[in-house]
Amino acid sequence: MGVDNIADGTDVFVDGAAGTIALDPGAEEEAAAEAYKAAAAALTVFDGTGVTADGHEVPLLANVGGAKDAVKAAEAKAQGVGLLRTEFCFLERDTEPTAEEQIEAYKGVFDAFPGKKVVVRTLDAGADKPLPFLTDASEPNPALGVRGYRTDLTSPGVLERQLQAVADAASQASADVWVMAPMISTAEEAADFAKLCSNAGLQTPGVMVEVPSAALMAEAILGEVAFASLGTNDLTQYTMAADRQLGSLAALNNSWQPAVLRMVQLTVQGSAAEGHAKPVGVCGEAAADPALAVVLVGLGVSTLSMTPRALAGVGAVLNSVTLAEAQRIAGIAVAAPTAAEARARARAELPVLESLGL
Ligand code: PEP
Ligand code: MG
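Cut-offs applied
Residues numbered from 1 in each chain as written. Chains lettered and ligands numbered in written order. Predicted model: local features only at pLDDT ≥ 70, side-chain atom pairs only at ≥ 80, totals over all residues. Heavy atoms only, no water. Salt bridge = Lys/Arg side-chain N within 4 Å of Asp/Glu carboxyl O. Helix = DSSP H or I, 4+ residues; strand = E, 2+ residues; numbered from the N terminus. Buried < 20%, exposed > 50% of the residue type's maximum accessible area, 1.4 Å probe, protein only. Core = buried A, V, L, I, M, F, W, Y, C linked by side-chain atoms within 4.5 Å. Contact = heavy atoms within 4.5 Å. Domains from an automatic or database assignment. Donors = N, O, S within 2.8 Å, 3.2 Å for Na, K, Ca; no water. Pairing = 2+ DSSP bridges. Axes fitted to C-alpha atoms, helices over the stretch in contact; angles between N-to-C directions. Parallel < 35°, antiparallel > 145°, perpendicular 65-115°, else oblique. Left-handed = near helix turned anticlockwise from the far one by under 90°. Polar contact = N/O pair within 3.5 Å; in protein donor to acceptor, adjacent residues only side chain to side chain. Near = heavy atom within 4 Å. Areas by Shrake-Rupley, 256 points an atom, 1.4 Å probe, with all protein chains shown as cover. Nonpolar A, V, L, I, M, F, W, Y, C, P; charged D, E, K, R; others polar.

## A closer look at the pattern of salt bridges
Next, step 1: Taken as a whole and judged by the stated rule, the model has 14 salt bridges.
Next, step 2: We note a salt bridge from D111 to K107, for which the minimum N-O separation is 2.7 Å. Here K107 and D111 lie together in helix α3 (residues 99-112), a separation of four residues that amounts to about one turn.
Next, step 3: Given a relative accessible area of 40%, D111 falls into the partly exposed group.
Next, step 4: For K107, a relative accessible area of 22% corresponds to the partly exposed category.
Next, step 5: Through salt bridges with shared partners, one network takes in E87, R121, D124, D128, K129, R147, D234 and R244.

## A short note on the nonpolar core
Within soluble globular proteins, side chains that are nonpolar generally end up buried alongside one another.
Next, step 1: Of all hydrophobic cores here, the largest spans 97 residues; its most connected members are Y106, F110, L163, W256, V295 and L304.
Next, step 2: Here L304 is in contact with V58, P59, L60, L61, V282, A287, A293, L296, V297 and V314, once residues within four sequence places are set aside.
Next, step 3: Within the second largest apolar cluster, seven residues are counted, among which are L83, M180, M208 and C283.

## With respect to the domain arrangement of the protein chain
Next, step 1: As assigned here, the protein chain comprises domain 1 (1-41) and domain 2 (47-355).
Next, step 2: With centres defined by C-alpha atoms, the gap from domain 1 to domain 2 works out at 30 Å.

## Examining the coordination of the magnesium ion (ligand 2)
Next, step 1: Around the magnesium ion (ligand 2), the protein contributes the donor atoms E210 (OE) and D234 (OD), at 2.0 Å from the metal centre. With E210 in the loop between β7 (205-209) and α7 (212-216) and D234 in helix α9 (residues 232-240), the pair connects residues that are 24 residues apart, well separated along the chain. In this structure, E210 and D234 share a single accessibility class: buried.

## Some remarks on the sheet that holds β7
Next, step 1: One closed barrel holds the eight strands; their spatial order is β3-β4-β5-β6-β7-β8-β9-β10, and the pairing between them is parallel. Sheet twist, expressed as the mean angle between neighbouring strand axes with direction ignored, is 30°.
Next, step 2: In terms of strand pairing, strand β6 (residues 176-181) meets β7 through three bridges, oriented parallel. Bridge assignment links M180 to a residue of β7, and that residue is G206.

## Observations regarding the packing of helix α11 (residues 290-299) against helix α12 (residues 311-318)
Next, step 1: Running from N to C, α11 and α12 point in directions that differ by 55°, and their axes come no closer than 9 Å. On the basis of their axis angle, the class for α11 and α12 is oblique. α12 is crossed by α11, and the crossing has right-handed handedness. Between α11 and α12, the contacting residues are P290, A293, V294 and V297 on the first element and G313, V314, V317 and L318 on the second.

## So, the side chain of R121
Next, step 1: Examined against the element boundaries, R121 turns out to sit in strand β5 (residues 117-121).
Next, step 2: Accessibility expressed as a relative area gives 2% for R121, which makes it buried.
Next, step 3: Side-chain polar atoms of R121 contact the side chain of E87, separated by 2.6 Å.
Next, step 4: Contact partners of R121, with chain neighbours within four places excluded, come to L83, L84, R85, T86, E87, K129, Q162, M180, P182 and M208.

## Some details on the site of ligand 1
Next, step 1: As a matter of local geometry, ligand 1 sits amid 14 residues, with R85, R121, G231, N233 and R244 nearest to it.
Next, step 2: Note that an oxygen atom of ligand 1 is positioned 2.7 Å from one of the backbone N or O atoms of N233.
Next, step 3: A distance of 2.8 Å separates an oxygen atom of ligand 1 from a polar side-chain atom of R244.
Next, step 4: Within the complex, the protein chains bury 99% of what would otherwise be the 280 Å² of accessible surface of ligand 1.
Next, step 5: Looking at the shell around ligand 1, the elements with two or more residues in it are β4 (80-85) and α9.
Next, step 6: Take the shell around ligand 1: its biggest share by element is three residues, from α9.
Next, step 7: In terms of residue class, the shell around ligand 1 is made up of three nonpolar, four polar and seven charged.

In structure tokens:
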């Protein structure tokens, strides 16, 4: 049902974890909401170290859109920033931001994490994030169009200037600055991006794995760059061919889909190729689902980046399993025939979820 059809004043029960809503909640839903509130209140604190029960460290990082978010993320004890969505600093702009504006925006984030890792994602314009100075609103299929790294084809120079601004901001701060390009599809693109980073004096170039071709070609792509970060929001949209903005396709657009888990698995396998073991993190919403986070760690990802409010829950559940248990649970999820089964079977192995109200 469309939200527009709900009468004003109607009580609505929203279960964000299950992705369901119910109108006029009864006693059962109200009790569930109260239990959730109590559990959530008890689970607000992350102690600042992501680690499994047997001591395998998985740094838990934050997704941020600018300096204000970064300050809040640091207060929530995020271990760094795994995704700075730089386009969020400049939404609604119809001209390219100046070098000074960019340096100020990036430095504000770096200063919130002195000495810590901050992964800057270069401008990801297009489709769900239009930036008028980079994207063409009249494209017939914006999600398959000139977006993300591809805008370098149509607006050459913007990316070079952004990388220089990132390097200049990094030189004025102590954060360990990594940079990554969104929507990389081929090893040539990865190599070209690494060259641009090196020209700007940036030492740690990486790519986002958001397109199935990048997962399939992870070994060659990671031969060109220092790391990869799985953008599971787009990777799910493109693996399932289901627009992430369409609520009617939410069941397909679900990172528990075993096809998506297999894409993650392929990427990690490619990253471990002989001669160049490279870290692979996750910065899509999947990392914020505590049960799915365990599966991702079991599949071999080395960091998880999420909205700061998810840190405490993910940290607690991760801390309840050993790495071998996470690997076993990942195997169960990957082998499931459907997303619903993958989720249910993984959750059945994690009784801690219920006691934490997650
Ligand atoms: C993703 O696609 O998973 C991602 C992290 O990037 P965004 O949501 O900004 O497209
Ligand atoms: Mg994306």
